[in-house]
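Chain by chain, the residues:
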Amino acid sequence: MPKPFAPLAALLLVMLAGCGSLPFTAERTPETTTHTAILDEVAAAAAISAYRVQHGLSPVIVDPALVKAAAFQAGNNARHGQLSHEVGGSFTSRMAAAGLARSWAAENLSAGSESFEQVLARWKASPEHNRNMLLPQIRRIGVARVDAPGTRYKRFWALVMAGA
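Residues numbered from 1 in each chain as written. Predicted model: local features only at pLDDT ≥ 70, side-chain atom pairs only at ≥ 80, totals over all residues. Heavy atoms only, no water.

### So, the packing of aromatic side chains
- Tallied over the entire structure, the rule returns 2 aromatic pairs.
- Ring centres 6.4 Å apart and planes at 55 degrees place the aromatic pair phenylalanine 116 and tryptophan 157 in the tilted group. Here tryptophan 157 lies in strand E5 (residues 154-162) and phenylalanine 116 lies in helix H5 (residues 116-125), a separation of 41 residues in the sequence. Each member of the pair, phenylalanine 116 together with tryptophan 157, is buried. (Phe/Tyr/Trp six-rings, centres within 6.5 Å; stacked < 30°, edge-to-face > 60°. Helix = DSSP H or I, 4+ residues; strand = E, 2+ residues; numbered from the N terminus. Buried < 20%, exposed > 50% of the residue type's maximum accessible area, 1.4 Å probe, protein only.)

As structure tokens, this is what we get:
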């Protein structure tokens, strides 16, 4: 490479190194590099709403604060390569930090599903996750997927639900 372009190439590499990370990333190694997928949260809310209405419950709407909370937890799990409600602090403390300390709230996590339809089917099939989606008090949701190709599960999902 000609010498005049070397500094420009180095600058470009430094700028590109930060691409694809969450705004709240922890230290990363090549094995735990993650990126947040762009989801259609409205379509996810419509699917969950349809399921809730089939069970005589109210529909849900997307809440940007809950999307952020879901992305935070999916990202924590992806960076650690494990599925846990406690990575990144307890669910209660994370909900309090999101301003939901006095609201009904629940969280569903999953890993490995390729699509939202697959993860929704898993949550429906799991008694505890299904119970969370069918809580009568739930009115708002946030859903997120974070991919971590270097991990066992490759794809981590989080659904955070809260009352009015």
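### Digging into the side chain of glutamate 107
- Along the chain, the position of glutamate 107 falls in strand E3 (residues 105-111).
- On the basis of relative accessible area, glutamate 107 is assigned to the buried category, the value being 6%.

### So, the pairing of strand E4 (residues 140-148)
- When you tally the buried positions in E4, you get 9 out of 9 residues, the bulk of the element.
- Neither face of E4 is exposed, since Arg140, Gly142, Ala144, Val146 and Ala148 on one face and Ile141, Val143, Arg145 and Asp147 on the opposite face are all buried.
- In the sheet, strand E2 (residues 61-62) pairs with E4 via 2 bridges, with the strands oriented parallel. Residue pairing for E4: valine 62 is matched across the bridge by isoleucine 141.
- Summarising the sheet, E4 and E5 pair through 9 bridges and their orientation is antiparallel. Across the sheet, alanine 144 pairs through a bridge with alanine 158, a residue of E5.
- Linkage of E4 to E5, two consecutive antiparallel strands, is achieved through a turn of 5 residues. (Pairing = 2+ DSSP bridges.)

### Details of the environment of alanine 70
- Relative to the helices and strands, alanine 70 is located in helix H3 (residues 64-80).
- The sequence separation of alanine 70 and isoleucine 141 amounts to 71 residues, and the corresponding C-alpha distance is 9.0 Å.
- Excluding residues within four positions of it along the chain, alanine 70 makes contact with Gly142, Val143, Ala144, Ala158 and Val160. (Contact = heavy atoms within 4.5 Å.)

### A short note on the nonpolar core
- Counting 21 residues, the largest nonpolar core has Ile48, Phe116, Trp123, Met133, Ile141, Leu159 and Met161 as its most contacted members.
- Excluding anything up to four places from it in sequence, isoleucine 48 contacts Val60, Phe116, Leu120, Ile141 and Leu159.
- Counting residues in each nonpolar core, the second largest holds 17 residues, with Ala70, Ala78, Met95 and Phe156 among its members. (Core = buried A, V, L, I, M, F, W, Y, C linked by side-chain atoms within 4.5 Å.)

### Observations concerning the pattern of salt bridges
- Applying the stated criterion across every chain, the model contains 4 salt bridges.
- Between aspartate 63 and arginine 140 there is a salt bridge; the shortest N-O distance is 2.3 Å. In this pair, aspartate 63 is assigned in the loop between E2 and H3 and arginine 140 in strand E4, connecting sequence segments 77 residues apart.
- For the salt bridge of arginine 145 with aspartate 147, the shortest nitrogen-to-oxygen distance reads 2.9 Å.
- By relative accessible area, arginine 145 is classed as buried at 14%.
- Residue class for aspartate 147 comes out buried when judged on its relative accessible area of 6%.
- Within this structure, Glu114, Arg145, Asp147 and Arg155 form a network of salt bridges that share partners. (Salt bridge = Lys/Arg side-chain N within 4 Å of Asp/Glu carboxyl O.)

### Brief notes about H5
- All buried positions along H5 are accounted for by Phe116, Val119, Leu120 and Trp123. End-on, the buried residues of H5 take up no more than an arc of 100 degrees, which puts them together on one face. The exposed set on the far side of H5, more than 90 degrees from its buried face, consists of Glu117 and Ala125.
- Contacts from the buried residues of H5 go to helix H2 (41-54), E3, helix H6 (127-133), E4 and E5. (Arc of directions from axis to C-beta.)

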